[in-house]
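# Summary of the model geometry
Below, each chain spelled out in residue letters.
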Amino acid sequence: MVKSLDESLMQHALNEAWKYQGLTFPNPAVGAVLSREDGEVVGVGAHQKAGSPHAEVLALKDAYKRLSGDKRIDLLHESHELHTFLIHNHANLFNTLSLHVSLEPCHHYGKTPPCSQLIHTLGIKRIVIGSCDSSAKAQGGGEFLRKAGKEVIFGCLQKACDELLTPFTCKEHNTPFIFFKVALSLNGVATGGTISSLQSRVMVHCLRDRCDLLVIGGNTVREDRPILDARLCEGRAPDVLIYSRTQNFDKTIPLFANVHRKVFIEPSLDRMKTYSMVMIEGGQAMIDATQTHVKWFLVFRSPHEKEGIPLNLPNDLREVFSQNIGEDTMTWNVRDV
């Protein structure tokens, strides 16, 4: 039975996971929280990058350090070594704890060992799950734990947990996850040079590294002469689709210099359908041109005002998550259409 305390703890897990939305692609964003019976949180974790430890493992690492005071675990960063360390050193620290996790624990050996087996071995007594894992190779962790005698509850804040999984779900169904990224001044201006902080720009570059296609308007390319790479995080530059009716571009514009990607100049947005994760960047003209293709908006808002005409975002946006990035505020928003 899902209790009100369960929903509060699951929301905590969701908030942690949203910090890494997009950065874990092609893996799902997942959050996990370990707590005592009275709801006191003793461990928090979120999956941060494909191939890195899962949310449950990082929450267990956090809880182990808090409960034991053993700082040796700080030296461990790989999934296999964390699993091994926790199995040999847990000293029954987790027997009275509950785990809230936004996605069903994995039940297979991939780049990381199965979280379901680790949870069972460490003796966690109660597991509350948001979304069921629909992946054929990873599903079954919840049922395994239930058969092992654990109290397992499914469906806590399932709608919100399913929404968090949107990029991963799109990938599983071979459809692109498309989102529009925009940086705005305090008064809503999106033009006139750099707007957001260095920390926000690093975040954008990290997202570019995960995207396989970046879409931008032709006028923006001509006026701003951008690079559109992921140099601030030493990442991979995505392919670029320049949405333009004309082909005449100065090929000395920096974005054309990257030989490790493809650049398309096309009057159609159909190419987005052939990619997995697509970021659109631009101003009002691109928002208007892509409105039938985009449900998700990632907005970086600066605390400083700028001169210019305010940009009009869709008026049906619902804010899903917000966090501070440097001096800016970053929000994920979705259109409920």
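Higher on the page you've got the structure.
Rules used in this analysis
Residues numbered from 1 in each chain as written. Predicted model: local features only at pLDDT ≥ 70, side-chain atom pairs only at ≥ 80, totals over all residues. Heavy atoms only, no water. Helix = DSSP H or I, 4+ residues; strand = E, 2+ residues; numbered from the N terminus. Rg over C-alpha atoms; globule rule 2.2 N^0.38 Å. Buried < 20%, exposed > 50% of the residue type's maximum accessible area, 1.4 Å probe, protein only. Contact = heavy atoms within 4.5 Å. Areas by Shrake-Rupley, 256 points an atom, 1.4 Å probe, with all protein chains shown as cover. Lys, Arg positive; Asp, Glu negative; His and termini not counted. Charge placed at Lys NZ, Arg CZ, Asp CG, Glu CD. 1 Å grid on protein atoms, 1.4 Å probe; cavity = no way out; pocket = protein on both sides within 12 Å on 5 of 7 lines; lining within 4 Å. Points joined across faces, edges and corners; volume = space filled by probe spheres on them. Nonpolar A, V, L, I, M, F, W, Y, C, P; charged D, E, K, R; others polar. Pairing = 2+ DSSP bridges. Axes fitted to C-alpha atoms, helices over the stretch in contact; angles between N-to-C directions.

### What about the overall build of the protein?
In terms of regular secondary structure, the protein is built from ten helices and 13 strands. Expected size for 337 residues packed as a compact globule is a radius of gyration near 20 Å; at 22 Å, the protein falls within 12% of this value. For the protein, the proportion of its 337 residues judged to be buried stands at 52%. A separation threshold of at least 6 residues defines the contact pool for the protein, and within that pool the share at least 24 residues apart is 72%. As displayed, the protein has an accessible area near 15,600 Å², and 49% of this comes from carbon and sulfur atoms. The positive charge centre, built from 37 side chains, and the negative charge centre, built from 38, are 3 Å apart in the protein.

### As for empty space enclosed by the protein
Taken as a whole and assessed by the stated rule, the structure comprises one cavity of 30 Å³ or more. Each pocket or cavity is described by its volume, and for the largest cavity that value is around 40 Å³. Surrounding the largest cavity, Gln21, Gly22, Thr24, Phe25, Asn27, Pro28, Ala29, Leu164, Leu165, Pro167 and Phe168 form its lining. Counted by class, the lining of the largest cavity contains seven nonpolar, four polar and no charged residues.

### Some words on the sheet that holds strand β5 (residues 151-154)
Ordered by their spatial adjacency, five strands build an open sheet running β2-β1-β3-β4-β5, and the pairing between neighbours is mixed. Edge positions in the open sheet fall to β2 (41-46) and β5, since each of these has one partner strand only. The sheet shows a mean angle of 15 degrees between the axes of neighbouring strands, taken without regard to direction. Pairing of strand β1 (residues 31-35) with β2, which is carried by five bridges, proceeds in the antiparallel orientation. Looking at the pairing, Ser35 lines up with Val41 of β2. Against the sheet, helix α2 (residues 55-68) makes contact with β1, β2 and β3 (98-103), and its axis sits at roughly 145 degrees relative to β2, the strand it touches most.

### Let's talk about the layout of surface pockets
In this structure, the largest pocket occupies an estimated 1,300 Å³ of space. Ala190, Ile216, Thr220, Asp224 and Gly282 are, among the 43 residues lining the largest pocket, the residues nearest its centre. Contributing elements (two or more residues each) for the lining of the largest pocket: β6 (177-184), α8 (198-210), β7 (213-217), α9 (218-224) and α10 (284-289). Among the elements that line the lining of the largest pocket, the one with the most residues is α9, at six residues. Residue classes in the lining of the largest pocket are distributed as 19 nonpolar, 15 polar and nine charged.

### Some details on the environment of Ala237
Here Ala237 is to be found in the loop between α9 and β8 (239-243). Since its relative accessible area comes to 11%, Ala237 is described here as buried. Spatially, the C-alpha atoms of Ala237 and Leu255 are 9.4 Å apart, while their sequence positions differ by 18 residues. Those residues in contact with Ala237 that sit more than four places away from it in its chain are Leu228, Asp229, Asn258 and Arg261.

### Let's talk about the environment of Asn312
In this structure, Asn312 sits in the loop between β11 (296-301) and β12 (317-325). Here the alpha-carbon distance between Asn312 and Asn15, two residues 297 residues apart in the chain, equals 27 Å. Ignoring any residue separated from it by four or fewer positions in sequence, one finds Asn312 in contact with Gln284 and Ile287.

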